[in-house]
Amino acid sequence: MIALELTDIEYSYRRNTALRGVSLQVEAGEIVAITGASGCGKSTLLHCAAGILTPDKGSVRLDGQDLAELSADARAALRRTKIGVVLQFGQLVPDLPLIDNVALPLLLAGHQRSEAHEHAREWLTQVGIQDEADAVPSELSGGQTQRAAIARALVSGPSVVLADEPTGSLDSRAGKELLDVLVSTARYRGAALVMVTHDNLVAAAANREIRLRDGVIQHEVAL
Ligand code: ADP
Ligand code: ADP
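Definitions and limits used
- Residues numbered from 1 in each chain as written.
- Chains lettered and ligands numbered in written order.
- Predicted model: local features only at pLDDT ≥ 70, side-chain atom pairs only at ≥ 80, totals over all residues.
- Heavy atoms only, no water.
- Core = buried A, V, L, I, M, F, W, Y, C linked by side-chain atoms within 4.5 Å.
- Buried < 20%, exposed > 50% of the residue type's maximum accessible area, 1.4 Å probe, protein only.
- Helix = DSSP H or I, 4+ residues; strand = E, 2+ residues; numbered from the N terminus.
- Contact = heavy atoms within 4.5 Å.
- Pairing = 2+ DSSP bridges.
- Near = heavy atom within 4 Å.
- Polar contact = N/O pair within 3.5 Å; in protein donor to acceptor, adjacent residues only side chain to side chain.
- Areas by Shrake-Rupley, 256 points an atom, 1.4 Å probe, with all protein chains shown as cover.
- Nonpolar A, V, L, I, M, F, W, Y, C, P; charged D, E, K, R; others polar.
- 1 Å grid on protein atoms, 1.4 Å probe; cavity = no way out; pocket = protein on both sides within 12 Å on 5 of 7 lines; lining within 4 Å.
- Points joined across faces, edges and corners; volume = space filled by probe spheres on them.

A.B. asks: Would you explain the nonpolar core in this entry?
C.D. replies: In summary, soluble globular proteins display a tendency toward joint burial of nonpolar side chains. Counting 40 residues, the largest nonpolar core has I150, L193 and M195 as the members making the most contacts within it. Secondary-structure elements contributing two or more residues to this core are β3 (31-35), α3 (98-108), α4 (113-126), α5 (142-154), β7 (160-164), α6 (172-189), β8 (192-196) and α7 (200-204). Those residues within four positions of I150 in sequence are excluded, and the remaining contacts are V86, V127, L178, V181, L182 and T185. Core analysis: the next-biggest nonpolar cluster, separate from the first, contains 32 residues, A3, L45, V85 and L212 among them.

Shown next as structure tokens:
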């Protein structure tokens, strides 16, 4: 089943064209690495897939549903339940204990607090930071912060997980551990996982590498 389908995506920031017609299909359970030089459009592609940016042209389908055909509210609700996004910075609410930060997507979707906390605790355990449940984000290391971001992205059981440089600010050992967490949790959930990366280690963990150049797909390699 195709979880994420991008068709002929074009996107420009004012005069700066970042994507010039990119198409991509990702199956449930598949792991895709988006690579390419800085400025080639990787983050823009991820943000279009996440519904953070709206493409100028082309379509984004999530589990077959075209995002453009939905009302803004329906699109927001779909994003909350079907897409987990792991960004590099700024995802956690500063003054909120980790357990609440991770539970937040479920609370926003209307789940009971006790049930949301139970799921959040399971995911904190899954990513190995269950002992930090009551800590606030400023008390966490970089690696713990990224683990928390992964727990939060996965807690609502999304079909598509999008990660921007998931190993970005980490040393190679911490990066490897975190990549293992992300890959195994995505596999465990049967989610489609799309990772933007400069890191060869991350690309090697994927089933497919898609290399962008100047806003188009330069080549695609099955791994
Ligand atoms: P990558 O993630 O591969 O480094 P980006 O998607 O961040 O590439 O950027 C693609 C192109 O769009 C680059 O030329 C970049 O300078 C430009 N760009 C990205 N974000 C913005 C922005 N907010 N405003 C203007 N130009 C942008
Ligand atoms: P990355 O290397 O992770 O893609 P960048 O350094 O390209 O990150 O971009 C960091 C931030 O700056 C992003 O929010 C991006 O949208 C913005 N940005 C990137 N290029 C430009 C640009 N030419 N003009 C304005 N904002 C930009």
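A.B. asks: Honestly, the sheet that holds strand β5 (residues 65-66) in this entry has me stumped. Any pointers?
C.D. replies: Whenever strands of a sheet pair, they do so through backbone hydrogen bonds, lying parallel or antiparallel. Sheet architecture is open: 4 strands sit in the order β2-β1-β4-β5, paired in antiparallel fashion. Bordering the open sheet on either side are β2 (16-27) and β5, each of which pairs with just one other strand. One ladder, built from 5 bridges, connects strand β1 (residues 2-13) with strand β4 (residues 57-62); its direction is antiparallel. Counted as the bridge partner of T7 is S59 from β4.

A.B. asks: Can you walk me through the site of ligand 1 in this structure?
C.D. replies: In the vicinity of ligand 1, the residues found are Y13, N16, A18, A37, S38, G39, C40, G41, K42, S43 and T44. In this structure, an oxygen atom belonging to ligand 1 sits 3.1 Å away from a main-chain N or O atom of G41. Here ligand 1, which alone exposes 560 Å², has 60% of that area covered by the protein. Breaking the shell around ligand 1 down by element, the ones donating at least two residues are β2 and α1 (42-49). Counting residues per element, the shell around ligand 1 draws most heavily on α1, at 3 residues. Class assignment for the residues of the shell around ligand 1 results in 4 nonpolar, 6 polar and 1 charged.

A.B. asks: Looking at this structure, how should I read empty space enclosed by the protein?
C.D. replies: Where empty space is left becomes clear once a probe the size of a water molecule has been rolled over the atoms. Evaluated as defined, the whole model comprises 1 cavity of 30 Å³ or more. In this model, the largest cavity occupies a volume close to 40 Å³. Along its surface, the largest cavity is lined by L4, L6, L24, I34, K42, L45, L46, A49, L162, V194 and V196. Among the elements of the structure, β1, α1 and β8 are those that each provide at least two residues to the lining of the largest cavity. When the residues that make up the lining of the largest cavity are grouped by side-chain class, the tally is 10 nonpolar, no polar and 1 charged.

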